[in-house]
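# Summary of structural features
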Amino acid sequence: MIEPLADPLSLPPPAAPPGLVNAPWSTRLLQLASTYLPMLLMGLLALGTWWLVKSTPVADTEARLAPPRHEPDYTMNNFTVQRFGPDGVMRVQIEGDELRHYPDTDTLEIDNPRIRAMGADGRVTIASARRALTNADASEVQLTGGATVLREASGKDEAIEFRGEFLHALQNTEQLRSHLPVTVLRGRSQVAADAMEYDNLARVLQLRGRIRAEFTPPGAGAATGGVRNGAAP
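Residues numbered from 1 in each chain as written. Predicted model: local features only at pLDDT ≥ 70, side-chain atom pairs only at ≥ 80, totals over all residues. Heavy atoms only, no water.

### Side note on the overall build of the protein chain
Applied cut-off: Helical segments are the DSSP runs of H or I of at least four residues, strand segments are the runs of E of at least two, and each set is numbered from the N terminus. The buried label goes to any residue with under 20% of its type's maximum accessible area, the exposed label to any with over 50%, and the partly exposed label to all in between, with areas taken from a 1.4 Å probe on protein chains only. In what follows, residue pairs with any heavy atoms lying within 4.5 Å of each other are defined as contacts. To be clear on the numbers: accessible area is Shrake-Rupley with a 1.4 Å probe, and residue cover counts the displayed protein chains and nothing else.
Within the protein chain, the secondary structure is distributed over two helices and 14 strands. The buried share among the 233 residues of the protein chain stands at 26%. Sequence separation of 24 or more characterises 35% of the internal contacts of the protein chain that already satisfy a separation of 6 or more. Of the roughly 16200 Å² of accessible surface on the protein chain, 61% is carried by carbon and sulfur atoms.

Written out as structure tokens, the structure is:
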């Protein structure tokens, strides 16, 4: 009888480790556990790493990028601040009861401000109010509450004074404006209007709304009149 040839592609069954075939089941279980223990530990380590990453709180990007709140970062009481030009001449001096700086807008809020500014022609302007809001270099000032701005007399030019509940002064362009009622006094004459714009460099005063004027030439009685709108030099 001819025995069939063995399949050349078949592999012989793996040989059992020596001493494991006839070993007790507890010994074989311990041997298998020691064989697969490193793989089990690596799996547990990977699972723990995944859990740690998922549990770690993520930084709040929106909170970090949120703009700063409108709160002062420093204050000064009973202060005096001076700003000088490139030529070393003092251009602006600001005094007040309290100053608050807001970093989000880089502005200064001042209680009971007293401002003294010098123009390019050397003419002095004095301003006061119950409150002021200025930019960092005080080149733009908003005065509120009993605001007054007085440009002192210089040579043949008489002093001119502006009064109102709101006055917006721009020092670099020497302009003064208000969208609220104002009174303008020059010498013995005065003009009241609902709004105005004054350009000192152009020597032009523009009045809007209801206007009431009292012009008094030197040595003469008062003359009173009303106009709807107009401009004065």
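Following the structure, the description resumes.
### Examining the side chain of Thr134
By secondary structure assignment, the location of Thr134 is in strand β6 (residues 131–134). Other than its neighbours up to four places away in sequence, Thr134 contacts Thr107, Leu108, Ile110, Glu140 and Val141.

### Let's talk about the pairing of β6
The cut-off we apply is this: Two strands pair if DSSP finds at least two bridges between them.
Burial along β6 is one-sided: Ala132 and Thr134 are buried, and none of Arg131 and Leu133, which face the opposite way, are. Of the strand pairs in this sheet, strand β3 (residues 107–111) and β6 are connected by four bridges, and their pairing is antiparallel. Following the sheet pairing, Asp111 is matched in β6 by Arg131. Note that β6 and strand β7 (residues 140–151) share four bridges and pair antiparallel. Bridged to Ala132 within β7 is Leu143.

### What about the nonpolar core?
The nonpolar side chains of a soluble globular protein tend to be buried with one another. As a reminder, the rule being used: Residues grouped as a nonpolar core are buried Ala, Val, Leu, Ile, Met, Phe, Trp, Tyr and Cys residues, joined through side-chain atoms within 4.5 Å.
Membership of the largest hydrophobic core comes to 30 residues, with the highest contact counts inside it found for Leu143, Phe162, Leu167 and Met196. Elements with a minimum of two residues in this core: β2 (90–102), β3, β4 (114–118), β7, β8 (160–170), β10 (182–186), β11 (189–199) and β12 (204–215). Contact partners of Phe162, with chain neighbours within four places excluded, come to Ala147, Thr148, Val149, Leu167, Leu176, Thr183, Val184, Met196, Tyr198 and Leu205.

### Focus on the packing of aromatic side chains
Operational definition: Between the rings of Phe, Tyr and Trp (Trp by its six-membered ring), a pair exists once the centres lie within 6.5 Å; its type follows the angle of the planes, with under 30 degrees stacked, over 60 edge-to-face, and the other angles tilted.
The final tally for this structure, using the stated rule, is one aromatic pair. Measuring from centroid to centroid gives 5.1 Å for Phe162 and Tyr198, while their planes differ by 45 degrees, and the two rings are tilted. Of this pair, Phe162 sits in strand β8 while Tyr198 sits in strand β11, placing them 36 residues apart in sequence.

### Brief notes about the pattern of salt bridges
Quick reminder of the rule: Any Lys or Arg side-chain nitrogen located within 4 Å of an Asp or Glu carboxyl oxygen qualifies as a salt bridge.
Scanning all chains against the criterion turns up 13 salt bridges. Across the pair Asp157 and Arg203 runs a salt bridge, and its minimum N-O distance is 3.3 Å. With Asp157 in the loop between β7 and β8 and Arg203 in the loop between β11 and β12, this pair connects stretches of sequence that are 46 residues apart. Residue classification places Asp157 among the partly exposed positions, given a relative accessible area of 27%. Under the relative-accessibility criterion, Arg203 is labelled partly exposed at 35%.

### Observations concerning the side chain of Thr107
For the record, the criterion: Two N or O atoms form a polar contact when they lie within 3.5 Å of each other; inside protein one atom must be a possible hydrogen donor and the other a possible acceptor, and for residues adjacent in sequence the pair counts only when both atoms belong to side chains.
With respect to the helices, strands and loops of the structure, Thr107 is situated in strand β3. Residue classification places Thr107 among the buried residues on the basis of a relative accessible area of 16%. Side chain to side chain, Thr107 and Thr105 meet in a polar contact 2.7 Å long. Discounting chain neighbours no more than four positions away, the residues touching Thr107 are Arg100, His101, Tyr102, Leu133 and Thr134.

### A look at the confidence of the model for the protein chain
Defined as follows: One confidence number per residue, pLDDT, is output by the predictor and ranges from 0 to 100.
Predicted confidence across the protein chain gives a mean pLDDT of 78, with 68% of residues reaching 70 or more. When mean pLDDT is compared element by element in the protein chain, β8 scores highest at 95, while strand β13 (residues 223–227) scores lowest at 46. Of the regions scoring below 50 in pLDDT, residues 222–229 engages in 19 contacts with residues more than four places distant in sequence or in other chains.

### Description of the environment of Arg116
Locating Arg116 in the fold gives a position in strand β4. With 22 residues separating them in the primary sequence, Arg116 and Ile94 have C-alpha atoms 6.5 Å apart.

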